[in-house]
Amino acid sequence: MTSRNLSASMSEGAIEDEAHELVSHRRNRRMRSPRVAVVGIGSMGSMALWQLAKAGIDVVGFEQYGLAHERSAAGGESRMFRTAYMEGADYVPLLKTSRRLWQELEAETGQNLLTLNGALMIGPREDPRIANVIRSVEDFEIDHVVLDRAETMARYPQHRLEDGEISVLDREGGVIRPELAVLTAAERAAALGATIHDHTQVEAIDEKPAGVQITAGGKVHEFDKVIVTAGPWTARVFPQFSAHLVSKKIVMTWYLSDRLHEYTPDAFPAFGRVGGEIQTFGIPSLEGTMTKIGSVNTFGDVVLPEQLHRDVDLAELDAINREVARCHPGLRTTPSRVSVHMDAYTSDEHALVGPVPGSSQVFVLGGYSGHGFKMAPVMGEIAKDLAMSGSTSHSIGHLSPARFSA
Ligand SMILES: Cc1cc2nc3c(=O)[nH]c(=O)nc-3n(C[C@H](O)[C@H](O)[C@H](O)COP(=O)(O)OP(=O)(O)OC[C@H]3O[C@@H](n4cnc5c(N)ncnc54)[C@H](O)[C@@H]3O)c2cc1C
């Protein structure tokens, strides 16, 4: 694998300073389990650190900004967790494991990260994404209820449905707190022995015949395995994927309501909806003021993630405002809060998870295409498996990076 110089190169003096550390590290390598680096401590990286540290692995994480910073794909206060999966029933076993691991992280830390108040999937009965939801609940015995249009509106007056639309309540779904989750996993990893270098950008990853050198913050470190969880920056680390991997701008919108009590977690499950002018999703009011109704639409490519353009043209919000007016009685029809984020998207909107083609030492987990957060804990477990043995028993064939290597 060729050297990837991600930004400025290190000074000659710094190279000499690191020489002794590298020599003694090589001498000691055969004596211990692999030494692993995690590049990027965001959604996936924090969980990889937690899982690796828990397995007793010597793991070092690098994060270019502060932990749980607002520029990563984890920003925006809330994420939907669902197991009845519009994107394909292949994901259900991963999601069930993830749910167990979310609860395990909560139990280990005492933090409240996942509220299991259900997730409601809405759309025309014949829509292929609703067919995926039905297949998920039937094939994998997900606790669920299927409701027709009238039943849905009677039970959930916060939604207005059209003729022919149904809903499926996924009782195993709910809402996650993303920034707190990243911080909790990283701090738990540190308590279990992980080393964390925050505000430290990885500038180069150099694969050698036995081991991988990482240059970060002007210093060289040597590892046996490297897990790259760089989110919107993944294509910069691996330009070989750039024909199939691009970062996109995502805009979140929150709406006030005259009937706020109807939009609290006990009354209003998170929802995903297809079949309208645009695909939407919603999260109950966690802090008791506003309800997040977002569009899965993206707002253009982000060429340089650190220069994400955070302004939103009002006209760009017309479609989401129209959907709110059409579907959600009781919500105001213009947002009171707007925030701008990004995520890395692959051309088929399934992530890249596995060894980088041509390497057995460097692994990529990226390109989660706007739906990865719920999977972060199981991705941490997969990262741990890959670093320890090069493979995993989890079913990730559909996420293989090799599908884009040609
Ligand atoms: C607004 C929004 C709403 C979403 N809603 C949902 C939802 O409801 N449910 C759901 O499941 N998913 C949702 N998603 C998708 C999900 O949040 C993302 O797929 C997921 O967070 C991606 O995680 P990641 O680890 O790949 O990236 P990130 O969380 O961005 O982590 C990447 C980290 O790597 C760091 N980094 C990058 N390069 C370097 C380097 N060279 N050196 C050191 N550090 C580096 C970055 O600073 C960052 O902290 C949503 C995404 C967005 C943006």
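- If you check an unreviewed UniProt entry, the chain appears there as N-methyl-L-tryptophan oxidase from Brevibacterium aurantiacum.
- If you open the UniProt record of the chain and go to Cofactor (unreviewed entry), you find "FAD".

### Examining the UniProt feature "domain: FAD dependent oxidoreductase" (unreviewed entry) in the chain
Part 1: Look at the UniProt record and you will see "domain: FAD dependent oxidoreductase" (unreviewed entry) annotated at residues 35-385.
Part 2: The annotated region residues 35-385 carries 25% helix and 30% strand content, and the separation between its end C-alpha atoms amounts to 13 Å.

### Observations concerning the nonpolar core
Part 1: Among the nonpolar cores identified, the biggest contains 49 residues, and Phe 62, Ile 205, Ile 214, Val 226, Val 228 and Phe 238 are the most heavily contacted of them.
Part 2: Mapped onto the domain boundaries, this core takes at least three residues apiece from domain 1 (4-72 + 179-238 + 348-404) and domain 2 (79-176 + 245-346).
Part 3: Residues in contact with Val 228, not counting those within four places in the same chain, are Val 39, Ile 205, Val 237, Phe 238, Val 362, Phe 363, Val 364 and Leu 365.

### So, unusual backbone geometry
Part 1: A positive phi angle is found at Glu 141, which is not glycine, with a value near 50°.
Part 2: Residue class for Glu 141 comes out exposed when judged on its relative accessible area of 70%.
Part 3: Phi angles above zero are rare outside glycine, and Ser 369 is one such case at about 55°.
Part 4: Along the chain, Ser 369 turns up in the loop between β22 (362-366) and α9 (376-389).

### Focus: the site of the ligand
Part 1: With respect to spatial proximity, 34 residues lie near the ligand, and among them Ser 43, Glu 63, Ala 73, Asp 343 and Lys 374 are the closest.
Part 2: Glu 63 has a polar side-chain atom sitting 2.7 Å from an oxygen atom of the ligand.
Part 3: Backbone polar atom of His 371 to an oxygen atom of the ligand: 3.4 Å apart, as the coordinates give it.
Part 4: Across the complex, the protein chains shield 98% of the 1000 Å² of accessible surface that the ligand would expose by itself.
Part 5: Listed by contribution, the elements that provide at least two residues to the shell around the ligand are α2 (43-54), β4 (79-81), β15 (245-255) and β20 (337-346).
Part 6: Taken together, the residues that form the shell around the ligand break down as 16 nonpolar, 14 polar and four charged.

Each value, and the rule that gives it
Residues numbered from 1 in each chain as written. Predicted model: local features only at pLDDT ≥ 70, side-chain atom pairs only at ≥ 80, totals over all residues. Heavy atoms only, no water. UniProt positions renumbered as here; feature names shortened; annotations may be inferred. Helix = DSSP H or I, 4+ residues; strand = E, 2+ residues; numbered from the N terminus. Core = buried A, V, L, I, M, F, W, Y, C linked by side-chain atoms within 4.5 Å. Buried < 20%, exposed > 50% of the residue type's maximum accessible area, 1.4 Å probe, protein only. Domains from an automatic or database assignment. Contact = heavy atoms within 4.5 Å. Near = heavy atom within 4 Å. Polar contact = N/O pair within 3.5 Å; in protein donor to acceptor, adjacent residues only side chain to side chain. Areas by Shrake-Rupley, 256 points an atom, 1.4 Å probe, with all protein chains shown as cover. Nonpolar A, V, L, I, M, F, W, Y, C, P; charged D, E, K, R; others polar.

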